[in-house]
Amino acid sequence: MKNSKLAVVSLILGIFSFIHLLGVEKAVLSVVFGVLALKEINQTQKFKKIAYVGISLGIIYLIIIAVIVTFYSPQLLNILKIK
Amino acid sequence: MECSKINLSAYLDNELSQEEKQKVSEHLKNCKNCVEEIKVLSKLNNLVNKQKEIEPSSNFNMKFWERVRKDEDKKKAGLFWLPLPATAILLFIILFQLTNFSYALLNNKDFEVKNIVLQRVKETVFCSSISNISCLINLCDRCIHNLCKCKEIECNCKQCKIKGRHKK
């Protein structure tokens, strides 16, 4: 797969991680594809920007999920410890 | 004239003015060190002049600037691996919390609590994924809403579905 295509796939997965089912794995894949696209030295500036946006969306999504899970975790664990 | 102020290399290459040349020539008559130095320099000059001139290839300039650009790009792209460890850390946090939750749920001996939480999880998974932001918040809220007040002995929660936990 050409690296320009990887950058576009990274962007699409980054967007879809927010609006579609099963977001976490899409966010991870968007980061991985974005990094693979950036690995190409001769990548054009346009596709570099697309890859950066894909990576950013993936990481933002993961941060949001990590914050939510960390925020609710103590309360849920506290509930489940009822005897 | 001091030795340090004399440019012997320029003298050898005929780059000095007539007046400067004369000054250097006069100095050389009295200074053995400078004479020795000028001998070494002239030997070096002879050696360099004997070397054949190397003609650069026709695409030398293009190749040279291409290599410079590649080196600069490599330096700029040095941080492009950074998102991967960040992703790994975030994924670890998410999986750790979810595993903690699953472990606590599976080891919970209160079947009523367990069933309600499992029911909420199933409902959420049915309509969407557990990792979808809105559904995840919804799942957590509904679990807490239905169960949180039940841990209190004096529970006034009217929506609580767990029998025997209401304050009567």
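So, a few notes on the structure that sits alongside this text. The structure presented is a predicted model; accordingly, all values stated were derived computationally and were not measured.

All names here are of chain B. Within this structure, the stated rule accounts for 3 aromatic pairs over all chains. Measuring from centroid to centroid gives 4.9 Å for Phe64 and Trp65, while their planes differ by 80°, and the two rings are edge-to-face. Trp65 gets classed as exposed once you look at its relative accessible area, which sits at 54%. On the basis of an interplanar angle of 25° and a centroid distance of 6.0 Å, the ring pair of Phe92 and Phe96 is categorised as stacked. Taken as a pair, Phe92 and Phe96 lie in helix 5 (residues 83-106) at a separation of 4 residues, close to a single helical turn. Through successive ring pairs, a cluster of aromatic residues spans Phe60, Phe64 and Trp65.

To characterise two packed helices, one gives the angle between the axes of the helices and the distance between these axes. All names here are of chain B. Taken N-terminus to C-terminus, the directions of helix 2 (residues 18-30) and helix 3 (residues 32-50) make an angle of 110°; their axes are 6 Å apart at the nearest point. The angle between the axes of helix 2 and helix 3 places the two elements in the roughly perpendicular class. Along its contact with helix 2, which presents His27, Leu28 and Asn30, the element helix 3 presents Lys32, Cys34, Val35 and Ile38. When its residues are assigned to classes, the contact of helix 2 with helix 3 shows 4 nonpolar, 2 polar and 1 charged.

Residue and element names in this part refer to chain B. Across all of its chains, the model carries 1 salt bridge over all chains by this definition. The closest approach of N and O atoms between Lys23 and Glu19, which form a salt bridge, is 4.0 Å. Remark: Glu19 and Lys23 occur in helix 2; sequence separation between them is 4 residues, near one turn of the helix. According to the relative accessible area criterion, Lys23 is partly exposed, its value standing at 45%.

Our focus in this paragraph is the nonpolar core. Judged by nonpolar contacts, the single largest core of 35 residues is most densely connected at Val24, Leu62, Ile65 and Leu76 of chain A together with Val117 of chain B. Taken together, the elements giving at least two residues each to this core come down to helix 1 (3-19), helix 2 (23-39) and helix 3 (45-80) of chain A together with helix 5, helix 6 (111-127) and helix 7 (133-147) of chain B. The element that contributes the greatest number of residues to this core is helix 3 of chain A, accounting for 12 residues. Counting residues in each nonpolar core, the second largest holds 9 residues, with Leu8, Val24, Cys31 and Ile38 of chain B among its members.

Cut-offs applied
Residues numbered from 1 in each chain as written. Chains lettered and ligands numbered in written order. Predicted model: local features only at pLDDT ≥ 70, side-chain atom pairs only at ≥ 80, totals over all residues. Heavy atoms only, no water. Phe/Tyr/Trp six-rings, centres within 6.5 Å; stacked < 30°, edge-to-face > 60°. Buried < 20%, exposed > 50% of the residue type's maximum accessible area, 1.4 Å probe, protein only. Helix = DSSP H or I, 4+ residues; strand = E, 2+ residues; numbered from the N terminus. Axes fitted to C-alpha atoms, helices over the stretch in contact; angles between N-to-C directions. Parallel < 35°, antiparallel > 145°, perpendicular 65-115°, else oblique. Contact = heavy atoms within 4.5 Å. Nonpolar A, V, L, I, M, F, W, Y, C, P; charged D, E, K, R; others polar. Salt bridge = Lys/Arg side-chain N within 4 Å of Asp/Glu carboxyl O. Core = buried A, V, L, I, M, F, W, Y, C linked by side-chain atoms within 4.5 Å.

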